[in-house]
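# Structural overview
The residues making up each chain are set out below.
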Amino acid sequence: MKNKSQKYLENVISKRFFLLSILKGVVVGAIGWRFFDLQMIENRKYEKLSDENQFNFYMIAPERGRILDRKMRLLAGNMDGFSLVLKWNKNINVDNVIKKILKIVNISKKDLNNFYDEIKSDKKVFAKEILITKKLSQKDVSKLAVRSIEFPEVNFLMTKKRVYPQGILVGHITGYVGPYSKKDTKIKLKSNTAWFEIGKTGLEKYFDNDLRGTFGRKRDEVTSKGHIVASQVYENTISGNDIQTSLDMELQAFAVERFEKGSNTLVSIHDDNVKKQIEKLKNISYVNQDYVYKDKKNRIVNPQSGSLIVMDIENGEVICCVSSPGYDPNIFSNDLEIDVWNNLKNNSRAPLLNRSMSGVYPPGSTIKMAVALAALENGIIDYNTKFYCDGAKKLGESTFHCWAKDGHGKLNLIEAIEQSCDVYFYELGLKVGIDKIALMMKRLGLGQYYNIEINDKSKGVVPNIEWKLKRDGLQWSMGETLNASIGQGYLLTTPLQLTTMIARIANGKFSVTPTLLMNQNKNKFEALKINPQHIGFIKKSMERVVKGNNGTARNYQIGSKKIEMAGKTGTVQVVRISEAEREKGLIKNEDRPWKKRDHALFVGYAPASKPKYAITVVVEHGGSGSSVAAPIARDVFKYIFKV
Amino acid sequence: MNYKLNKFSEETFGSLFFSKLSKLNFFIITSLILLGLVGVASLYSAAGGNWDPWANNHLIRLIFGIFLMLILAFLPHKIFLKLSVISFIIGILSLILVKFIGTGNVQRWITIGGINFQPSEAMKLALILILARYFDHISRIELDKLKTYFLPIFLIFLPGFLVISQPDLGTGLTIIVLGLAILFFVGISMKFIILCFILLASSIPLIWNQLYDYQKDRILVFLNPEIDSLGSGYQIIQSKIAIGSGGFFGKGYLLGSQSRLNYLPEKHTDFIFTLISEELGFLGSISIILIFCILITSIIKISFRVKSLFSKIVTFGIGFLLFLYLSLNIGMVCGLLPVVGAPLPLISYGGTSLLTVLIASGIVLSIDIHDKEIV
C-alpha cells in the first residue's frame with residue numbers, strides 16, 4: 001500500500017516536474033528571444049536613441065562672408081558681439097535665473113519670448129544651450145561677469161554681429177540678415193540653432209549660400225541630470241565666401257546726396273523761420289539731423305524719392321544704384337524696435353522698396369528712342385520724314401495733346417527727339433503699330449527680368465494686342481497705341497530696365513544685361529541685331545537733346561570740351577488732365593499736392609563721343625525731367641569724369 | 001548494524017571531510033562563484049570603475065557567503081529539517097517587526113548592529129523549508145485530500161500578504177508564486193489549481209484597490225511605457241535603450257554610456273543586468289543567463305535524484321526560487337514584466353539576497369552530499 005502510493009506520488013512529481021521544466025524553458029526562451037530582438041534586430045534603433053541620450057548635437061555658425069564694393073570697400077562685415085547663453089537642463093529654475101539677470105541688464109521682450117519658446121520647443125531633450133540674447137554690450141558683459149557666480153548656468157559666448165558700415169547708402173542692395181526661421185530655408189537646422197542668421201533681402205539673400213559658409217558641428221556629452229561632461233567639435237566651420245560687387249561706394253555716396261537734394265536747397269533747422277515751418281509739418285526727414293531741404297517756393301520738403309542707376313555699357317556692371325528713401329540695414333542687426341519697424345513699414349514713401357529694381361514707372365518720353373528705332377528698323381520712315389505738330393492730334397472723338405501747347409510746327413525725327421515732340425510720335429506710333437513697337441522695346445530690354453543678383457524685381461509691362469486681349473479680353477484701341485508711343489498708358493518700366501535700354505543703345509552692338517558683381521559678364525552678351533546706322537542716328541539725336549539749341553536738356557550740359565553727355569528727358573503725367581482743366585489753364589506742377597505732381601525722368605549716357613556709362617534718374621513727383629532729373633544726371637557724370 | 005557502526009568509527013574526521021569535499025557539486029559551486037564575480041565586476045563598472053562603494057562590499061560578502069555555504073554544505077541535512085519551523089516563525093516575527101521598526105522609506109529593512117537585513121528575502125527560504133517539512137511529515141496518502149493543503153496555503157499567504165503590505169508587491173508575489181509552485185510540485189489536484197486561478201482572477205480588482213499609487217503606476221506604465229517617458233516609464237525606456245544599444249558585442253566593459261552618464265536608474269541593484277547587457281552585449285547577456293540555467297538545472301537535477309520528500313521539495317523549491325529571481329529580474333529590465341523590484345541574485349548589490357541565495361545553495365549542497373548516504 002505504502003509502496004504503491006509512493007510510486008504514485010513519484011509519478012505525479014515526475015509529471016509535475018516535467019511540466020514545470022517546460023514552463024521554465026519557455027520563460028528562459030522568451031527572455032533569450034527578447035534579448036535577441038533588442039540587441040540584434042533592433043540594435044540600430046536603440047543605438048541611435050542611446051546616442052541621442054549621450055550627446056547633444058549643436059551646429060556652430062560659420063563666419064559670414066563679407067560684401068565688398070569694386071574697390072574692396074566694406075559694404076557688409078562682421079563685428080564681435082557678446083551673447084548670453086543658458087546651459088539649460090530640466091532641473092534649472094529658469095525664472096529665477098532670468099530674474100537675477102534682469103536685475104543687472106536689460107533684455108528685450110522679443111529675445112525673452114524667443115528664449116522661452118526655445119525651452120518649450122523640444123521636450124525630449126533634457127539639457128541644451130539656449131540663447132538668451134546676443135545683443136550684450138561690453139558694459140553689460142562686465143556687469144554680468146562680476147556677478148556671474150550667482151548664476152553659474154549662464155555662459156558668455158563671443159558671436160559675430162552683422163554690420164553695414166555704409167549704413168543707409170546701399171541698404172537696398174546689400175539687404176540685411178535676420179534670425180533663421182523654418183520657413184526661410186530648405187536647410188534643416190536643429191532647433192537649438194535658432195539664433196543663426198540668414199539673408200532676408202538683397203545680396204544677403206541672393207548669395208546666402210555662398211556667404212553663409214559651412215556649419216560646424218559640436219557635440220556635448222551630457223549626463224541624465226544635464227551636466228555637460230565633455231564637449232567636442234567634430235566638424236569645423238568653414239567661413240563664407242566674400243562677394244565683390246561692382247558698386248563704387250564713392251560714387252554711390254555722392255549720388256545719394258545729390259539725388260536727395262534734387263533742385264532744392266539745404267537749410268539749417270536751427271533757423272527760426274525753418275523751425276516754425278517744421279512744427280507745422282509732420283514726417284519731415286532731416287538731413288544729417290541738422291538740415292532740411294527747402295524748395296524754390298521756400299517750403300520745407302522731404303529729400304527726393306526715386307531711383308538713380310549708373311551702369312557700365314560694356315559689361316553691364318552697375319556701379320551706382322540709389323533708391324531713395326533708403327533704410328539702414330544695421331537696424332535689423334540690432335534689436336529692431338517696433339516703432340522703427342512700423343515707421344519703415346507705414347512710411348508713405350516706402351523706404352523698404354528697392355525702386356531701382358522693384359519700382360515701376362511709366363517711362364514717358366524716355367521711350368521715344370525705342371519707338372523711333374522700331375519705325376526705322378521696319379522701314380516705315382527715313383531720317384528725313386517730317387510730320388506737322390500743331391499742339392494736338394485728333395483721333396476719333398478724343399484729342400491727344402503735345403506737351404507744347406502751341407505745337408512744334410513741321411519737324412523731322414531728330415528734331416522730334418531733341419524737342420520731345422509728342423505729336424510726331426503719335427504719328428509714328430500709328431504708322432508702326434503697337435506690336436512692332438513692343439518687339440523693339442523688348443529687344444532693348446524692357447518688360448523682362450534679368451539675371452541681376454537681387455531676388456525681388458519687377459518685370460514691368462510692355463503691352464501689345466495679345467497682352468491686352470489676354471488680360472482684359474478687350475481689343476487694342478488706337479488711342480492706346482498713341483499713349484504707349486509717348487511712354488504712358490499701360491507701359492511700365494523699372495529704372496533698371498531703362499538703364500539697360502540706354503546701355504544697349506549706347507553700346508549699339510550687344511544686348512547688355514545688368515549685374516551687381518565684378519567681372520561677371522565677360523563677352524557673353526547676345527548681339528543686339530539693330531542696324532548700326534539707325535543706332536548712330538538715334539545717338540546723334542540724343543546728343544542734340546543736350547547740345548541742340550532746342551534740346552530739352554540744353555541747360556544742363558556738362559560743358560567740358562572733352563566730355564559731354566547725351567540723353568533724353570521724360571516727364572510723366574501721374575494724373576489724367578481733363579479737357580475742362582486744360583481749358584482753365586493748367587495748374588503749375590509745383591503747386592499741386594506732391595502725390596499729383598509729375599515724375600521727372602532722365603536717361604542718358606556719357607561721354608557722348610565714346611560712351612562708357614549709362615544713367616537713369618527717376619525723381620518721383622519731381623516735376624519736369626529737364627529741370628529736375630537732367631541736372632542730377634549731369635552732376636553725377638561730372639563727378640564720375642571729374643570735370 | 002555492527003558493520004555500520006564499525007565503518008563509522010573507522011572514519012576519522014579528516015577522511016570524512018575529504019569524502020564530503022569530493023562529493024561537492026562542482027557545477028553549482030563554479031557557477032555561483034562565477035556569477036558572484038560577474039557581480040563584483042559589474043558593480044565596479046557601475047561605480048564608474050571604482051571599487052567604492054559597491055564592488056568591494058560585494059566581494060567581501062561573496063567570500064563570507066561562500067564560506068557560510070560550505071559550512072552548511074558539510075552539515076547533515078536533517079538539521080535543516082529541524083530548523084525549518086523555528087526559522088519560519090522567526091521569519092514571520094521579523095516580518096511583523098519590520099512593520100514597526102522598519103527602516104527605509106518603504107518598511108522593508110531591519111537594522112541590526114548597523115547591518116540592514118531584509119526579512120522578506122530570508123522568508124522565501126524559510127517558506128521552502130516549512131513546506132518541505134510539512135509535506136515530508138504528513139502521510140503520503142493524505143496528499144490526495146484537499147484539506148491537507150489548508151495549512152500550507154495559510155503558510156504561503158501569511159508571509160505573502162505581510163510582504164505585500166510592506167509594501168513590496170514584487171517580493172510578496174514571488175513568495176506566493178514560489179509556495180504555489182511547491183504545492184503544484186507535490187501534486188495538488190488540478191481542480192484545486194483551477195479554483196485558485198478563478199479566485200485570484202476575481203480578486204484582482206480588490207488587490208488593485210489595495211495597491212499604492214506608485215504600484216498602479218508601474219503596472220500601467222509597463223503596459224505602455226511611453227505614457228510617462230520622463231516619469232515612471234523612464235526606467236524601462238532607458239533600460240531598453242541601454243540593452244538594445246549594446247548590440248552583439250556590447251559597448252565594452254566600463255564603456256556603457258547609458259550607465260556612465262546616469263541614464264540607468266538603479267544600475268547597481270535591480271537594473272544591473274541592463275548595465276551588463278549594454279557593456280557586454282548579447283554575447284555577455286546570454287552567457288550569464290546560460291550560467292544561471294546551468295546553476296538552476298544542476299540544483300533541480302539533485303531534486304530528481306534524492307530520496308526523501310523533504311530533500312526533493314527543498315531542492316526543487318530552491319531551484320525554482322532561483323528561476324523566479326532570474327526571470328522576474330531579467331523579464332523586468334527588458335520590459336517583459338512590470339517593474340516590480342526584484343534583485344538579480346549574486347549580481348545585484350544587496351547583502352540579504354546574496355546571502356539568502358548562498359545559504360540556500362549551502363542547503364542544496366548539503367542535501368546533495370548527505371541524502372545519498374541515508375536512503
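All of the points below concern the structure found in this document. Note that the structure is predicted; figures quoted are calculated from it, not measured. (Residues numbered from 1 in each chain as written. Chains lettered and ligands numbered in written order. Predicted model: local features only at pLDDT ≥ 70, side-chain atom pairs only at ≥ 80, totals over all residues.)

## Side note on helix α3 (residues 26-46) of chain B
Look at α3 of chain B: 30 Å from first C-alpha to last across 21 residues, which is about the 30 Å you get at 1.5 Å a residue. Phi turns positive one or two residues past the end of α3 of chain B, at glycine 48 of chain B, with a value near 75 degrees. (Helix = DSSP H or I, 4+ residues; strand = E, 2+ residues; numbered from the N terminus. Expected span 1.5 Å × (residues − 1).)

## Focus on the nonpolar core
Grouped together as the largest cluster of nonpolar side chains are 111 residues, with contacts concentrated most on Ala370, Ala372, Tyr605, Ile615, Val617, Ala629 and Ala633 of chain A. Contacts of tyrosine 605 of chain A, omitting those with residues within four sequence positions, involve Ile313, Ile502, Ala506, Met565, Ala566, Gly567, Pro611, Tyr613, Ala614 and Ile615 of chain A. (Core = buried A, V, L, I, M, F, W, Y, C linked by C-beta atoms within 7 Å. Buried ≥ 20, exposed ≤ 12 C-beta atoms within 10 Å, placed from the backbone. Contact = placed C-beta atoms within 7 Å.)

## Thoughts on the interface of chain B and chain A
Each partner contributes to the interface: chain B provides 37 residues, whereas chain A provides 35 residues. Looking at which element gives the most residues to the side of chain B that touches chain A, the answer is helix α14 (residues 272-305) of chain B, with 8 residues.

## Observations concerning the packing of helix α5 (residues 78-101) of chain B against helix α6 (residues 119-137) of chain B
All names here are of chain B. One can describe the packing of α5 onto α6 by two numbers: an axis separation of 8 Å at closest approach and a directional angle of 145 degrees. Relative to α6, the crossing made by α5 is left-handed. Contact residues: Phe80, Leu81, Ser84, Val85, Ser87, Phe88, Gly91, Ser94, Leu95 and Val98 in α5; Pro119, Ser120, Ala122, Met123, Ala126, Leu129, Ile130, Ala132 and Arg133 in α6. Here the contact of α5 with α6 is composed, by residue class, of 13 nonpolar, 5 polar and 1 charged. (Axes fitted to C-alpha atoms, helices over the stretch in contact; angles between N-to-C directions. Left-handed = near helix turned anticlockwise from the far one by under 90°. Nonpolar A, V, L, I, M, F, W, Y, C, P; charged D, E, K, R; others polar.)

## Some details on unusual backbone geometry
Each neighbour pair has its own omega, and for serine 324 of chain A with proline 325 of chain A the value is -5 degrees, a cis peptide bond. On the secondary structure map, proline 325 of chain A appears in the loop between β15 (318-324) and α11 (330-333). Cis geometry marks the peptide bond from aspartate 52 of chain B to proline 53 of chain B, where omega comes out at -10 degrees. Here proline 53 of chain B lies in the loop between α3 and α4 (55-74). With a phi angle near 65 degrees, methionine 72 of chain A is a residue other than glycine that sits in the positive phi range. Within the secondary structure, methionine 72 of chain A is located in the loop between β2 (67-68) and β3 (74-89). Unlike most non-glycine residues, alanine 350 of chain A shows phi in positive territory, near 50 degrees. One can find alanine 350 of chain A in the loop between α12 (338-346) and α13 (355-358).

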